[in-house]
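# An overview of the molecular structure
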Amino acid sequence: MKTRTLKKNKVNIVTLGCSKNIYDSEVLMGQLKANGMEVSHESAVDDFNIVVINTCGFIDNAKEESINTILRFAEAKKDGQVDKVYVTGCLSERYKGDLKGEIPEVDRWFGTRELPAILKTLKADYKAELIGERLLTTPRHFAYLKISEGCDRPCSFCAIPLMRGKHISKPIEELVIEAQKLAAGGTRELIMIAQDSTYYGLDLYKERKLAALMEALAGVDGIDWIRLHYAFPNGFPEDVLDVVRNNPKVCRYIDIPLQHVSDDVLKSMRRGVNKEKTYRLVNTFREKVPDMAIRTTLISGYPGETQKHHEELLRFVEDMRFDRLGVFTYSHEENTHAYLLNDDVPADVKQERANEIMEVQRGISYDLNQARIGHTYKVLIDRVEGGYFIGRTEFDSPEVDNEVLIPVNDSYARVGDFAEVKIDDAQEFDLFGHFTS
Ligand code: SF4
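Given the structure is predicted, the values throughout are model-derived calculations rather than measurements.

Within the span of helix 8 (residues 239-246), buried status applies to V240, L241, V243 and V244. Projection of helix 8 onto a plane perpendicular to its axis shows the buried side chains occupying an angular sector of 160 degrees, all on one side.

So, on to the side chain of T112. Positionally, T112 belongs in the loop between strand 5 (108-109) and helix 4 (115-121). Of the residues examined, T112 reaches a relative accessible area of 15% and is grouped as buried. Here M163 takes part through its backbone oxygen, which lies 2.7 Å from a polar atom of the side chain of T112. T112 has contacts with G89, C90, E93, M163 and R164, leaving out every residue within four places of it along the chain.

A separate point is the environment of S169. Examined against the element boundaries, S169 turns out to sit in strand 8 (residues 168-169). As for S169 and Y199, which are separated by 30 residues in sequence, their C-alpha atoms are 8.4 Å apart. Contacts of S169, omitting those with residues within four sequence positions, involve I147, S148, Y200, G201, D203 and L204. Polar contacts involving the side chain of S169 include one to the side chain of H167, which spans 3.1 Å. Within polar-contact distance, the side chain of S169 engages the side chain of D203 at 2.6 Å.

To continue, consider the layout of surface pockets. The computed volume of the second largest pocket comes to approximately 820 Å³. Lining the second largest pocket are 34 residues, and of these Y23, V27, L115, Y126 and K170 sit closest to its centre. Within the residue set of the lining of the second largest pocket, elements represented by two or more residues are helix 1 (19-34), strand 4 (84-89), helix 4, strand 7 (148-149), strand 8 and helix 6 (172-184). If you tally residues by element for the lining of the second largest pocket, the top one is helix 1, at seven residues. In the lining of the second largest pocket, the residues fall into twelve nonpolar, eleven polar and eleven charged.

To continue, consider the packing of helix 2 (residues 60-78) against helix 3 (residues 90-102). Close contact between helix 2 and helix 3 brings their axes to 12 Å; oriented N to C, the two are set at 60 degrees. Between helix 2 and helix 3, the angle falls in the class oblique. Note on packing geometry: the crossing formed by helix 2 with helix 3 is right-handed. Here K63, S66, I67 and I70 of helix 2 come into contact with helix 3, specifically with L91, R94, Y95 and L99. Here the contact of helix 2 with helix 3 is composed, by residue class, of five nonpolar, one polar and two charged.

A few words now on the sheet that holds strand 3 (residues 50-55). Strand order in this open sheet of five strands is 2-1-3-4-5, and the pairing throughout is parallel. Of all the strands in the sheet, just strand 2 (38-41) and strand 5 have a single pairing partner and so form its edges. Relative to strand 5, strand 4 is paired through two bridges, and the arrangement is parallel. Within strand 5, the residue paired with Y86 across the bridge is R108. The sheet strands contacting helix 1 are strand 1 (10-15), strand 2 and strand 3, and the helix crosses strand 1 at an angle near 170 degrees. The strands that helix 2 touches are strand 1, strand 3, strand 4 and strand 5; relative to strand 3, the one it contacts most, it runs at about 170 degrees.

In this model helix 10 (residues 275-288) runs 20 Å from its N-terminal to its C-terminal C-alpha over 14 residues, within 8% of the 20 Å that 1.5 Å per residue would give. Three or more residues of helix 10 are buried, namely T278, Y279, L281, V282, T284 and F285. Residues of helix 10 that are buried sit in contact with helix 8, strand 11 (250-255), helix 9 (263-269), strand 12 (293-300) and helix 11 (307-320). If you check the start of helix 10, you find a side-chain oxygen 3.2 Å away from the backbone N of E276, and it comes from N274.

Along the polypeptide, D196 turns up in the loop between strand 9 (189-193) and helix 7 (210-218). Excluding residues within four positions of it along the chain, D196 makes contact with S148, C151, R153, H167, Y230 and F232.

All right, on to the sheet that holds strand 15 (residues 388-392) then. Pairing in this closed barrel of five strands is mixed, and the strands run 14-15-16-18-17 around the ring. Strand-to-strand twist across the sheet, computed as the mean angle between neighbouring axes with direction ignored, equals 55 degrees. As paired strands, strand 17 (residues 418-426) and strand 18 (residues 430-435) are joined by five bridges and run antiparallel to one another. By the bridge assignment, A426 is partnered in strand 18 with L431.

As a further point, take the pairing of strand 18. Relative to strand 18, strand 16 (residues 403-407) is paired through three bridges, and the arrangement is parallel. Each bridged residue has a counterpart across the sheet, and for V404 the counterpart in strand 18 is L431. The antiparallel pairing of strand 17 with strand 18 creates a hairpin that spans three residues between the two strands.

Let us now look at the pattern of salt bridges. For the structure shown, the criterion picks out 40 salt bridges. Residue K350 pairs with D343 through a salt bridge whose shortest N-O separation is 2.9 Å. Shared partners join several salt bridges into a network, and the residues in it are D60, K63, R94, E333 and E334.

The rules behind these values
- Residues numbered from 1 in each chain as written.
- Predicted model: local features only at pLDDT ≥ 70, side-chain atom pairs only at ≥ 80, totals over all residues.
- Heavy atoms only, no water.
- Buried < 20%, exposed > 50% of the residue type's maximum accessible area, 1.4 Å probe, protein only.
- Helix = DSSP H or I, 4+ residues; strand = E, 2+ residues; numbered from the N terminus.
- Arc of directions from axis to C-beta.
- Polar contact = N/O pair within 3.5 Å; in protein donor to acceptor, adjacent residues only side chain to side chain.
- Contact = heavy atoms within 4.5 Å.
- 1 Å grid on protein atoms, 1.4 Å probe; cavity = no way out; pocket = protein on both sides within 12 Å on 5 of 7 lines; lining within 4 Å.
- Points joined across faces, edges and corners; volume = space filled by probe spheres on them.
- Nonpolar A, V, L, I, M, F, W, Y, C, P; charged D, E, K, R; others polar.
- Axes fitted to C-alpha atoms, helices over the stretch in contact; angles between N-to-C directions.
- Parallel < 35°, antiparallel > 145°, perpendicular 65-115°, else oblique.
- Left-handed = near helix turned anticlockwise from the far one by under 90°.
- Pairing = 2+ DSSP bridges.
- Expected span 1.5 Å × (residues − 1).
- Salt bridge = Lys/Arg side-chain N within 4 Å of Asp/Glu carboxyl O.

Here it is as structure tokens:
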């Protein structure tokens, strides 16, 4: 007979995967706290008796990490260290039917849109009036803002629509209230996230409203930076570029996963764009907002990708000189359209191609960073570590982009403050500088 722990009711939330999962965990924590429950996020101390694991089911590596985390807590339950193990998020949404039998220690599996059910199971009430209230897991000076849920795109390789459902935009008014509450709590930077942020408004307002939303959020007192992630190339609303160029509170930064450039591969990926359109779009970015930092993500080793297609992609990276770039190796995901194709690129070739792209990008990033030496930038201080104040310019998003390092003996700054920093040196992915004020 499994004994109950003697610990008082405390819920520990564990988040895997992307910023959208982080956002969902923060909302769940906000609801639990509002119900007077003790809650922690990825608690390092073993003082909780209930764990909720918010999983990722995107690609192989992420799925493996989620499974291992669930198994770790299943073991902890068998050892009597925790009383209840609950699993939610994308992996659960996608595979709970299979996993239920395989990991019986899990007390209940929830989908990606079952917040009220999770709360009920934890003997808490869902409080609809808590619009925009959440417990931040990020440093309070920056916060993710999820502007919509789900995705209506048909990208062949992607399982996200299977896990997150159809695209649903949040009303502008609700997002402004959320931004105001965050600003009141000390947030200075808002990072707009979605599965496809450029689709924003098409469902709710029957027109693209991303530019209007960015303007509305930029009008919130206390918010200094608005940053755009997860844009989509097909049907890109160019009025967004006018907002980026003209509104000083909107970072000259865009994250737009392009995935590939070869016509054959883009066609098979069902991206709705081709090589010519992709080049034209990035060139339009450069013309309309010359100093905007462009982040993109590419996939290497997609079914049918030949050496020639790969070389086209390499040339694209050399031509476009992206400021920030990440590469995923293709993951053959069941129930996606691409799963019907032959996953014919060997794993080592996928990885070799990804490494080759990152090697080219390393050189480009070094050159672009070298060009920043001698210039002064507004830097948001994120933390103090290893004898440095560490921060970011408006051209860098947290966790994924470059950082600015300032020796702590140089001067003084508070985490969460902006400071003027002159760049003295640069490496591939880091800048070094000193405070000028
Ligand atoms: S837009 Fe993004 S989330 Fe939507 S299907 Fe395409 S890759 Fe997946």
